[in-house]
Amino acid sequence: MKRILALARKEVLHILRDPRSLAVAIAMPLGMLLLFGYAIDMELRSLPVGVMDLDHSQTSRAIVRDMTAGGFIVDAGRIHSRDEVERGFRRKKFLAVLVFPEGMDRDLANGNSPTIQLMIDGSDAATAQTVENYLSAVIARKNIEILREDLGDIKPPLEARVRFLFNPELRSPDFVVPGLTAVIMIMICALLTSVAVAREKETGTMEQIMTTPIKPSHVLIGKVIPYMVIAVLDATLVLLIGRVVFHVQMAGSWWILAAYSLLYLFISLALGLLVSTLAKTQQVAMTVALVATMLPTLLLSGFLFPISGMPLVLQWFAHIIPATYYLEVIRGIMLTGRHWYPFELGIMIVMALFLMSVSMRKFRSRLD
Amino acid sequence: MNDNNGYAVRTDKLTRRFGSFTAVDAIDLAVKPGEIFGFLGANGAGKTTAIRMLCGLLAPTEGEAWVDGLPISSKAEEVKRHIGYMSQKFSLYNDLHVIENLEFYGGVYGLDKAEIRSRSTELLARVGLEDKGRTMTVDLSLGYKQRLALGCSVIHRPNILFLDEPTSGVDPIARRQFWDLIYELADQGTTVFVTTHYMDEAEYCSRVSIMVAGHIEAMGAPEELKTKHDVPDMQQLFITLVNR
Amino acid sequence: MIAEVETKRALTIRNLHKSFGEVQALRGVDIQTKPGEIFGIIGPDGAGKTTLMRILCGLMVPDVGDVDLLGFDPVTQTHEVRERIGYMPQRFSLYPDLSVVENLRFFADLYLVSKEDVAQNEPRLMDFSRLQSFRKRKAGALSGGMKQKLALICTLIHTPELLILDEPTFGVDPVSRQEFWTILRDLANDGLSIIVTTAYMDEAQLCDRLALMHHGKLITQGTPDEVTRAFGKRLLEVRSPDILRVRRGLDALHLPGINVHRFGARLHVVYENDEQEEAIRLTCHGYGAELEEIAPSVEDTFVALLQDQGEEAV
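All of these numbers come straight from a predicted model, not from anything done at the bench.

1. A short note on the overall build of chain A
Piece 1. Of regular secondary structure, chain A possesses 14 helices and 4 strands.
Piece 2. Whereas a compact globule of 368 residues would reach a radius of gyration of roughly 21 Å, chain A reaches 28 Å, over 25% beyond that.
Piece 3. By its C-alpha atoms, chain A is 95 × 45 × 40 Å across when sized along the principal axes.
Piece 4. Here chain A holds 368 residues, and the buried ones make up 45% of them.
Piece 5. The long-range fraction of contacts in chain A, counting pairs at least 24 apart against all pairs at least 6 apart in sequence, stands at 77%.

Quick look at the structure:
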């Protein structure tokens, strides 16, 4: 125990002597939080749509008013010629253009069905789809309104009432912050510990330590403790800022979340140690740690893209990523308040034990 | 002061400061062509700084030096074409063939194609690697690497060759063979400027200087210095001067 | 009587072999050292010195052969061995961002040295290494010689019985090397057994006993005098102002069994019999060179033995 403490103390000195790395370890999660929280906002809003109104009627003005009412779409101004349409699309002045044909109001009054043209920039397929749905809905609602004017108070035969559960406003932070916590913990743990172990191999100090009577497992544990503290701090910071700045909701108990998180942390550390037993240089350790933790966690855990939408092979892959299970738990606790996840808990415990025993076995006090 | 004719390397109160620290403090050296000059000194005495200045890699704070007659403060780039440099780290590419390393350095020094080819073949034989031209450099023993590095550093026929601890760690036979090559170069008129921690190697030099804390404490032929300071060998001379 | 001999051994190595793939790093090494003895293993890079040192501290397992270190086997009793040795690897292996005293205390903690013992040992070690006034300096900011001394005292903090030093003076200037060897001698006089490797032939004279190592084998071992006696040839030193001409003259003799080496303004001529000596003297006198029969150095011996074995000089 004294030896473990000696190593941990030394590691703390290293961290304190290198304030720049410490700053990076703290700033990186915050940077990611801001990046995901603001820039890569998964909510769409303020999409510019241009209007070419050849009718100048009450109806056309009413549709534009309805369209911009929610803030989802903003009026990008009036367009007067076909040339302007093309130029505007190229310069990204607007994502879509509505064309109201000349005499639309008159045709309506005459009982004809005039055509409103809708042009959408398809280069961003997902956004284009959303804009199309939204604008179609606006026009459909207007249709019902017009029918009511003509036929009195009728009701549409079928009506769908949509309510988003757990995240009623579909707010992106509620989604991003738990995911980011998962990414940051595994990244900080695995990256920092593996680089710290590889550095001692690279500089030759590991050889010196190995010839002292300390047990190899104690070397690993001693080195890991300080980084564990940093990882806990980082995770706390992310959740705190998520709560204070982004008003993330918390349906469940913080303490139960902390308990699951600790288990996840343990898996992350074991993964970092496994990387470090295999990597001989800091550069290799860093590359492997990033490839093994950050990328799969970001891309395959269900953080950014739903697993069910992935190709089958990637789905299998997603199921061996620890973050997949942790994400299920942390999102569940924070958004639904459910506290008991026997399946995820079981898998995470198996993962932790497996990774820990493999890395301990691999890390021995011999060079060959 | 400008009488540099006839000297391969001459320095006049050459000084380099880093902040308030004076690494090289007004040293005066005069090395004749064809000499093997041993530039000795303790770790941190300022040897490396001095050599970097002479190779045109570092500008002097004060004073001047002439290398092959060229002032280093104003003609640093030209100086580089007149010198060869080999360090203990052997700047060889391990994943190239032996001959490719020679050819590469020929190219770096701007030799034309025909010259690169003839010079590489000639040097390969000179350093005793004629049957190893197509060997991967990484597979060479340390002694061979050292000789290859020497070959690379003289591909452009420099008048002055700087060797920075060239023989660290090689076996005694390889070391003697290496020195035979050095003698050959010197006998043909190349000036060799060498640093070493092997004091027995200091005895191989025609003249040596011993640097202590930025100053030149002694300069002369090994025999002459030993007699003057009444010591049996260079090791004792070195220790006496540094501890003084 | 036999028991007494047994206890007097610090280290016994028998028929040690170790290969890395195709490369045979050790090809049958036998060594026996006594307590309180400085035993030097001298050889160039690639001779197998580091592999041997690593096997002694249990960092590597030999393919063949066994090691008895203070009565323990480094392979099966790694822990016992490590508690009793101090090991200094070839590369500087302390933490450059920690201070002198922080490095020392870190190793004290790793060896579970008690507070009282640290309080007692630390000033003594700082004192004799003359690092006292640099206690707070970062290890990375020390000079080469001071780094080596710090590494040394870090291996001494737990008062080991045997020191294993792998090229401790590599790249260090002659003054620091001399100081380092003075410290080693003091330690040996206090009863510490020391195994030390070096590529510097001139350090051979400072060992009690030594072995010359080349290509994984010991060419010879014994006291420095015994080793130079293994030279088995005769040596003439030739001095002349025009040494180049003398050398060419000697080379032109084409006598088998004669080797000429140039050392600045001198030649060392190695030969075997009177007949050869006659020819050498005649040639040298012809050029007006001075001749003197000298005792061979360890390096002369090393070279002569290698050439005898027909070893390639690689």
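After presenting the structure, the write-up continues.
2. Focus: the pattern of salt bridges
Piece 1. Taken as a whole, this structure holds 49 salt bridges over all chains when the rule is applied.
Piece 2. Two residues, B:Lys226 and B:Glu223, come together in a salt bridge whose shortest N-O distance is 3.4 Å. Of this pair, B:Lys226 and B:Glu223 are both found in helix α8 (residues 222–229), 3 residues apart, which corresponds to roughly one turn of the helix.
Piece 3. Linked through salt bridges whose partners overlap, the residues forming this network are B:Arg175, B:Arg176, B:Asp200, B:Glu201, C:Glu299 and C:Asp300.

3. Describing the sheet that holds strand β1 (residues 47–53) of chain A
All names here are of chain A.
Piece 1. The strand order β2-β1-β3-β4 describes an open sheet built from 4 strands, whose pairing is mixed. For this open sheet the edge positions go to β2 (73–78) and β4 (117–120), each flanked by a neighbour on one side alone. For this sheet, the mean angle separating the axes of adjacent strands, direction not counted, is 25 degrees.
Piece 2. Judged from the 4 bridges that link them, β1 and β2 form a sheet pairing that is parallel. Across the sheet, Leu47 pairs through a bridge with Ile73, a residue of β2.

4. Some remarks on the environment of A:Pro101
Residue and element names in this part refer to chain A.
Piece 1. You can see Pro101 is positioned in the loop between β3 (96–100) and α5 (104–109).
Piece 2. C-alpha separation for the pair Pro101 and Asp53, spaced 48 residues apart in sequence, amounts to 7.1 Å.
Piece 3. Contacts of Pro101, omitting those with residues within four sequence positions, involve Leu54, Asp55, Pro114, Thr115 and Ile116.

5. Describing the confidence of the model for chain C
Piece 1. Confidence in the prediction of chain C, expressed as mean pLDDT, is 89, and 96% of residues score 70 or more.
Piece 2. Low pLDDT (under 50) marks residues 1–6 of chain C, which in the prediction has 0 contacts with non-local residues, meaning those over four places away or in another chain.

6. Digging into helix α14 (residues 342–362) of chain A
Piece 1. Here α14(A) is 21 residues long and its end C-alpha atoms lie 30 Å apart, about the 30 Å a rise of 1.5 Å per residue gives.
Piece 2. Along its buried surface, α14(A) packs onto α9 (216–244), α10 (254–278) and α13 (322–336) of chain A.

7. So, the pairing of strand β2 (residues 21–31) of chain B
Piece 1. Sheet topology note: the strand β1 (residues 9–18) of chain B/β2(B) ladder contains 7 bridges and is antiparallel. Residue pairing across strands places B:Val9 opposite B:Val31, the latter belonging to β2(B).

8. Some thoughts on unusual backbone geometry
Piece 1. One non-glycine residue, A:His247, lies in positive phi territory at about 50 degrees.
Piece 2. As for its placement among the helices and strands, A:His247 is situated in the loop between α9 and α10.
Piece 3. In this model, C:Asn15 sits at a positive phi of 50 degrees, which is unusual for a non-glycine residue.
Piece 4. Relative to the helices and strands, C:Asn15 resides in strand β1 (residues 11–20).

9. Section: empty space enclosed by the protein
Piece 1. In this structure the tally under the stated criterion is 3 cavities of 30 Å³ or more.
Piece 2. The wall of the largest cavity is formed by B:Leu123, B:Arg126, B:Val127, B:Leu150, B:Val154, B:Leu181 and B:Leu185.
Piece 3. Of all elements in the fold, only α4 (113–126) and α6 (172–187) of chain B reach the threshold of two or more residues within the lining of the largest cavity.
Piece 4. Here the residues of the lining of the largest cavity sort into 6 nonpolar, no polar and 1 charged.
Piece 5. Volume-wise, the second largest cavity comes out at about 50 Å³.
Piece 6. Around the second largest cavity, the lining residues are A:Gln208, C:Met88, C:Pro89, C:Gln90, C:Arg91, C:Phe92, C:Ser93, C:Gln148, C:Ala151, C:Glu167 and C:Pro168.

10. Side note on the state of the cysteines
Piece 1. Counting across every chain of the model gives 0 disulfides over all chains.
Piece 2. Left unpaired, B:Cys55 is separated from the closest cysteine sulfur, that of B:Cys152, by 16 Å.
Piece 3. The class of B:Cys55 is buried, set by a relative accessible area of 4%.
Piece 4. Lacking any disulfide linkage, C:Cys207 is separated from the closest cysteine sulfur, that of C:Cys57, by 18 Å.

11. As for the layout of surface pockets
Piece 1. When its volume is computed, the largest pocket comes out at roughly 980 Å³.
Piece 2. Those elements giving two or more residues to the lining of the largest pocket turn out to be α7 (199–202) and α9 (234–243) of chain B together with α7 (174–189), β12 (266–271) and α11 (298–308) of chain C.
Piece 3. Examining the composition of the lining of the largest pocket, we find that 6 residues originate from one element, α7(C), more than from any other.
Piece 4. Its residues assigned to classes, the lining of the largest pocket shows 15 nonpolar, 7 polar and 13 charged.
Piece 5. Counting residues domain by domain, the lining of the largest pocket receives three or more from each of domain 1 (11–227) and domain 2 (234–295) of chain C.

12. As for the interface of chain A and chain C
Piece 1. Between chain A and chain C, the contact holds 26 residues from the first and 34 residues from the second.
Piece 2. Around 2800 Å² of area is buried between chain A and chain C when both sides are counted, 55% of it from carbon and sulfur atoms.
Piece 3. The interface formed by chain A and chain C holds 3 salt bridges in total.
Piece 4. Across the pair A:Arg17 and C:Glu102 runs a salt bridge, and its minimum N-O distance is 2.8 Å.
Piece 5. Where chain A touches chain C, the interface holds 13 residue pairs in polar contact (both at pLDDT 80 or more).
Piece 6. Those elements that provide at least two residues to the side of chain A that touches chain C are α1 (2–17), α7 (172–203) and α8 (205–210) of chain A.
Piece 7. Considering every element that reaches the side of chain A that touches chain C, the biggest residue donor is α1(A), with 9 residues.

13. Digging into the interface of chain B and chain C
Interfaces are often sized by the accessible area lost when the parts come together.
Piece 1. At the interface, 33 residues of chain B touch 32 residues of chain C.
Piece 2. Taken together, both faces of the contact between chain B and chain C bury some 2900 Å²; the carbon and sulfur share is 56%.
Piece 3. In this assembly, chain B and chain C are joined by 7 salt bridges.
Piece 4. A salt bridge links B:Arg176 to C:Asp300; its shortest N-O distance comes to 2.9 Å.
Piece 5. Put simply, chain B and chain C have 8 residue pairs in polar contact (both at pLDDT 80 or more) between them.

What counts as what
The numbering scheme is per chain: residues are counted from 1 as the chain's sequence reads. Think of it this way: whatever chain is written first is A, whatever ligand is written first is 1, and the rest follow in order. pLDDT decides what is reported in this predicted model: residues at 70 or higher carry local features, side-chain atom pairs at 80 or more are listed and counted, and totals for whole chains, interfaces and linings draw on all residues regardless. Note: side-chain values were computed over all heavy atoms of the structure, leaving out hydrogens and water. Numbering goes from the N terminus for both helices and strands, where a helix is a DSSP run of H or I of at least four residues and a strand is a run of E of at least two. Only C-alpha atoms enter the radius of gyration; for comparison, a globular chain is expected to reach 2.2 Å times N to the power 0.38, where N is the number of residues. Under the scheme applied here, a residue whose accessible area is under 20% of the maximum for its type counts as buried, over 50% as exposed, and between as partly exposed, the area being computed with a 1.4 Å probe on protein chains only. Throughout, a residue-residue contact means that at least one pair of heavy atoms, one from each residue, lies within 4.5 Å. Here, a salt bridge means any Lys or Arg side-chain nitrogen found within 4 Å of an Asp or Glu carboxyl oxygen. A pair of strands is labelled paired if DSSP reports no fewer than 2 bridges between them. Structural elements are reduced to axes, namely lines fitted to C-alpha atoms, with helices fitted over the stretch in contact, and the angle between N-to-C directions of any two is expressed from 0 to 180 degrees. Per residue, pLDDT captures the predictor's confidence, and it can take any value from 0 to 100. Multiplying one less than the number of residues by 1.5 Å gives the expected span of a helix. Every definition here rests on a 1 Å grid over the protein atoms only: cavities are sets of points where a 1.4 Å probe fits but cannot get out, pockets are open sets enclosed by protein on both sides within 12 Å along at least five of seven lines, and lining residues have some atom within 4 Å of a point. Grid points are joined across faces, edges and corners, and a volume is the space filled by probe spheres set on the points. All amino acids are sorted into three groups, where Ala, Val, Leu, Ile, Met, Phe, Trp, Tyr, Cys and Pro are nonpolar, Asp, Glu, Lys and Arg are charged, and the leftover types, Gly among them, are polar. The disulfide criterion is simple: two cysteine sulfur atoms within 2.5 Å. Domain ranges listed in this record stem from an automatic or a database domain assignment. Accessible-area loss on putting two parts together, using a 1.4 Å probe and summing over both, is the definition of buried area adopted here. The term polar contact refers here to a pair of N or O atoms within 3.5 Å; inside protein, the definition further demands a hydrogen-donor-capable atom paired with an acceptor-capable atom, and it admits residues adjacent in sequence only when both atoms are side-chain atoms.

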